[in-house]
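# Observations on the model geometry
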Amino acid sequence: MKKFNLFKEIITANRQDVLNAINSKKTFGINIQGDVVYEPYAPKEILIFEGKYTPKQISALTPPQALKLDDFFGKNYQVVEDDERVLIKAFSNWQELIGLNTSRCSYDDTTADGVAEFSDKDLEEIGWQATEFNIKYRDLVEEIESKCDGYIFCIEQEEPQYQFSGLGFIADDKQAYQVMFAFAKAHVQKMIETHEDFKRELLTEDEEEAAKFFGL
């Protein structure tokens, strides 16, 4: 998976597309590719901005060129108009962007507790069963991030102090399922074969059910 770090990224949007969206009176978003998109958003859409001008606000703009995009975006955005381009830095709006994107993410790694669940029910079933053998969600996430396609939408800074907070967007849940299942199955099998507390004859009912889930 690729990291999209808001501390480093400058999103480039087409100025006319943004103006058209504002004048459409519709709620619209700008995604990490700089595309203007409208509701309903794609299931894994990652937005760096969502906005809407009310009809009253639009009618107050005379002439239309009076619209200042930095005013429209607000104080948490750095916006530069460069001919037909709009250059946007959005890292100061991170907390609001978490709320804007959480409903579409595959997993949430923005809290102190770390990842607690997967939004896809089949991936969550693997996560739930894997915990019976001390496999943490963090272990599964690291496997996904190293082997699957998608984005880690994050705010990451090493200096002056390391910070990380992110949302995971898995491109292909079926690919992730295969990767997670294989990883968890190998771990469970090793635990049964080598760990004193997980000998087959000592497994609890829940552990036995988890082992069977992984075909063991």
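Above this text is the structure in question.
Residues numbered from 1 in each chain as written. Predicted model: local features only at pLDDT ≥ 70, side-chain atom pairs only at ≥ 80, totals over all residues. Heavy atoms only, no water.

### Observations regarding the side chain of N31
Quick reminder of the rule: Helix and strand definitions follow DSSP, with helices as H or I runs of at least four residues and strands as E runs of at least two, each counted in order from the N terminus. Each residue gets one of three labels from its accessible area relative to the maximum for its type: buried under 20%, exposed over 50%, partly exposed in between, using a 1.4 Å probe on protein chains only. We call two N or O atoms a polar contact when they sit within 3.5 Å, provided that within protein one can donate a hydrogen and the other can accept it, with sequence-adjacent residues counted only if both atoms are side-chain atoms. We call two residues contacting when some pair of their heavy atoms lies within 4.5 Å.
For N31, the location among the structural elements is in strand β3 (residues 28–31). Judged by relative accessible area, which is 4%, N31 ranks as buried. Reaching out from N31, the side chain makes a polar contact with the backbone nitrogen of Q33 at a distance of 3.0 Å. Within the local environment of N31, its side chain forms a polar contact with the backbone nitrogen of D35, the two atoms lying 2.9 Å apart. If sequence neighbours within four positions are ignored, N31 has contacts with I11, V37, E45, I46, L47 and I48.

### Re the side chain of D109
Residue position: D109 is located in strand β8 (residues 107–109). At 2.4 Å, the side chain of D109 forms a polar contact with the side chain of R138.

### Describing the packing of aromatic side chains
Our working rule: Stacked, edge-to-face and tilted are the three classes for Phe, Tyr and Trp ring pairs, Trp counted by its six-membered ring, which pair at centre distances within 6.5 Å; planes under 30 degrees apart are stacked, over 60 edge-to-face, the rest tilted.
All chains considered together, the criterion is met by 17 aromatic pairs. Ring geometry for F49 and F73: centres 4.4 Å apart, planes at 40 degrees, overall tilted. Of the two residues, F49 is situated in strand β5 (residues 47–51) and F73 in helix α3 (residues 69–73); the sequence distance between them amounts to 24 residues. F73 shares its class with F49; the two are buried. Aromatic pair Y107 and F118: ring centres 6.1 Å apart, planes at 80 degrees, arrangement edge-to-face. With Y107 in strand β8 and F118 in the loop between β8 and α5 (121–130), this pair connects stretches of sequence that are 11 residues apart. Assigned by exposure class, Y107 and F118 land together as buried.

### A few points about the pattern of salt bridges
Our working definition: Take a side-chain nitrogen of Lys or Arg and a carboxyl oxygen of Asp or Glu: if they are within 4 Å of each other, that pair is a salt bridge.
Scanning the model with the defined rule gives nine salt bridges in all. Residue K3 pairs with E156 through a salt bridge whose shortest N-O separation is 2.9 Å. Of this pair, K3 sits in strand β1 (residues 2–5) while E156 sits in strand β9 (residues 150–157); the two residues are 153 residues apart in sequence, bridging distant segments of the chain. Since its relative accessible area comes to 44%, K3 is described here as partly exposed. For E156, a relative accessible area of 12% corresponds to the buried category. Linking R200 and E208 is a salt bridge whose minimum nitrogen-to-oxygen distance equals 2.7 Å.

### Focus on the sheet that holds β5
Quick reminder of the rule: Strands qualify as paired when DSSP identifies two bridges or more between them. Under this scheme, a helix contributes an axis fitted over its contacting stretch, all axes are lines through C-alpha atoms, and angles between N-to-C directions fall in the 0 to 180 degree range.
Pairing is antiparallel across the open sheet formed by three strands, whose spatial order is β4-β3-β5. The strands lining the two open edges of the sheet, one partner per strand, are β4 (36–38) and β5. The average angle at which neighbouring strand axes cross in this sheet is 30 degrees, direction not considered. In this fold helix α1 (residues 15–23) packs onto β3 and β4, with an angle of close to 25 degrees to the strand it touches most, β4.

### Looking at α1
Because an α-helix completes one turn every 3.6 residues, residues spaced three or four positions apart along the sequence face the same direction. We apply this condition: Working note: the arc is built from the helix axis to C-beta atom directions.
Of the residues making up α1, those classed as buried are V18, L19, A21 and I22. Buried positions in α1, seen along its axis, are confined to an arc of 160 degrees and lie on one side of it. Trailing α1 by a residue or two, K25 shows a phi angle of about 65 degrees, which is positive.

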